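Listed below are the residues making up each chain.
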Amino acid sequence: MDKLCSKMRAAIDKYNMIEQGDIIGVGVSGGKDSLALLCCMANIRRYYPKSFELIAITADPCNDGENTDFSEVEELCRRLEIKYIIKRTQLGDIIFKERKEKNPCSLCARMRRGILHKIAKENGCNKLALGHHGDDAVQTFMMNLFDSGSIGCFSPKSYLSNRDLWLIRPMVFLSEREIRNMVNKYKLPVVKSNCPADGNTERKAMAELISGLEEKYPDIKAKIMGAMERGNINGWQ
């Protein structure tokens, strides 16, 4: 965990993600990325020179009308001494039954983030930490390029003026492999997704494409990340 926390702190410091007295909501889906983010942020909280508070927030989509079991995540938060908030929603029904979305991931992500933003503000948070990592950044860049012919990616740190809320992504210097290894090592309580679209998404297809490109260009992810930083793409300076 120390190696991951070191890389996270590098991102936090480079993009000035944390200030004294921040109350930071952590978006927790129950997946490996969000649990790694939660644990590393709790660890960094112990020694970071600027004190801050953490609140874990889950927006349960309640697929098939059933509440997801987050009891083990709740226990993890208790051990980490982090307040945990679960919001049960109707996202599953809205996306799959009412709207019958063929490509549901983008809409679901936007709606879920909107819920997280609202809960964060209601609980006094001035920042919301999301679990996007370096592989996500590369995939997003490539998806924007291939799908819409645009050069762009999410930002490491961005401000939502309509919510008066900062979004931060402390794991942008981490790879998915590093995160997976940590989650397996510490046996974090990953909640298996029951989303009907799980495992059949455009992002997964892009990840497979990039994996194929790595056979000829082993450092392609690092090059894309470097290009985004040199080009100051959406604040990646």
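Above: the structure in question.
A quick note: this is a predicted structure, and the numbers were derived from the prediction, not measured.

A. Expanded view of the packing of helix H1 (residues 2-14) against helix H2 (residues 32-47). Two elements in contact, H1 and H2, have axes separated by 10 Å at closest approach and are oriented at 75°. If you check the angle between H1 and H2, you find them roughly perpendicular. Every residue of H2 that contacts H1 at Asp 2, Leu 4, Cys 5, Met 8, Arg 9 and Ile 12 is listed here: Leu 37, Cys 40, Met 41, Asn 43, Ile 44 and Tyr 47.

B. Just the pairing of strand S2 (residues 52-60), in detail. The buried fraction of S2 is high, at 8 of 9 residues. As paired elements, strand S1 (residues 22-27) and S2 share 6 bridges and run parallel to each other. Residue pairing across strands places Asp 22 opposite Phe 52, the latter belonging to S2. Read as a crossover between parallel neighbours, the route from S1 over H2 to S2 is right-handed. Relative to strand S3 (residues 83-88), S2 is paired through 6 bridges, and the arrangement is parallel. Looking across to S3, one finds that Thr 58 is bridged to Ile 86. Taken together, S2, helix H3 (residues 71-80) and S3 constitute a β-α-β crossover, and its handedness is right-handed.

C. Quick peek at the pairing of strand S6 (residues 165-168). Sheet topology note: the strand S4 (residues 127-129)/S6 ladder contains 3 bridges and is parallel. Within S6, the position partnered with Ala 129 by the bridge is Ile 168. Direction of pairing for strand S5 (residues 157-160) relative to S6: antiparallel, over a ladder of 4 bridges. Its bridge partner being in S6, Leu 160 is matched across the sheet by Leu 165. Here S5 folds back onto S6, and the loop between the two strands holds 4 residues, one of which, Asp 164, carries a positive phi near 55°.

D. Looking closely at the pattern of salt bridges. Summed over the entire model, instances satisfying the criterion amount to 16 salt bridges. Here Arg 180 and Glu 176 are joined by a salt bridge, their closest N and O atoms 3.7 Å apart. Placement of the pair is Arg 180 and Glu 176 together in helix H7 (residues 176-186), with a separation of 4 residues, close to one helical turn. A single salt-bridge network, built from bridges that share partners, covers Lys 32, Asp 33, Glu 176 and Arg 180.

E. Inspection of the nonpolar core at higher detail. Of all hydrophobic cores here, the largest spans 55 residues; its most connected members are Met 41 and Trp 236. In terms of residues, this core owes the most to one element, H2, which gives 9 residues. Leu 116, Ala 120, Leu 130 and Leu 160 belong to the second largest nonpolar core, which has 13 residues in total.

F. Seen up close, the side chain of His 117. Along the chain, His 117 turns up in helix H5 (residues 104-122). With near-sequence residues (within four places) excluded, His 117 lies in contact with Leu 128, Leu 160, Arg 163, Leu 165 and Leu 167.

G. Seen up close, the sheet that holds S6. The 6 strands are arranged S3-S2-S1-S4-S6-S5 in an open sheet whose pairing can be described as mixed. The open sheet is flanked by S3 and S5, the only strands paired with a single partner. For this sheet the average axis-to-axis angle between neighbouring strands, irrespective of direction, equals 25°. Packing against the sheet, H5 makes contact with S1, S2, S3, S4, S5 and S6, and its axis sits at approximately 140° to S2.

H. Seen up close, the state of the cysteines. Applying the stated criterion across every chain yields a total of 0 disulfides. Not part of a disulfide, Cys 5 finds its nearest cysteine sulfur in Cys 40, a span of 3.8 Å. Cys 5 sits in the buried class, given a relative accessible area of 0%. With no disulfide of its own, Cys 39 lies 7.0 Å from the sulfur of Cys 40, the closest cysteine sulfur.

I. A look at unusual backbone geometry. Positive phi, normally seen in glycine, also occurs at Glu 81, with a value near 60°. Tracing the sequence through the fold places Glu 81 in the loop between H3 and S3. A residue is classified by how much of its surface remains accessible, and Glu 81, at 69% relative accessible area, is exposed. Of note in the backbone geometry, Asn 232 takes a positive phi value of approximately 50° without being a glycine. Looking at the element boundaries, Asn 232 is found in the segment after helix H9 (220-230).

What counts, and at which threshold
- Residues numbered from 1 in each chain as written.
- Predicted model: local features only at pLDDT ≥ 70, side-chain atom pairs only at ≥ 80, totals over all residues.
- Heavy atoms only, no water.
- Axes fitted to C-alpha atoms, helices over the stretch in contact; angles between N-to-C directions.
- Helix = DSSP H or I, 4+ residues; strand = E, 2+ residues; numbered from the N terminus.
- Parallel < 35°, antiparallel > 145°, perpendicular 65-115°, else oblique.
- Contact = heavy atoms within 4.5 Å.
- Buried < 20%, exposed > 50% of the residue type's maximum accessible area, 1.4 Å probe, protein only.
- Pairing = 2+ DSSP bridges.
- Right-handed = clockwise from strand over helix to strand, strands pointing away.
- Salt bridge = Lys/Arg side-chain N within 4 Å of Asp/Glu carboxyl O.
- Core = buried A, V, L, I, M, F, W, Y, C linked by side-chain atoms within 4.5 Å.
- Disulfide = S-S within 2.5 Å.

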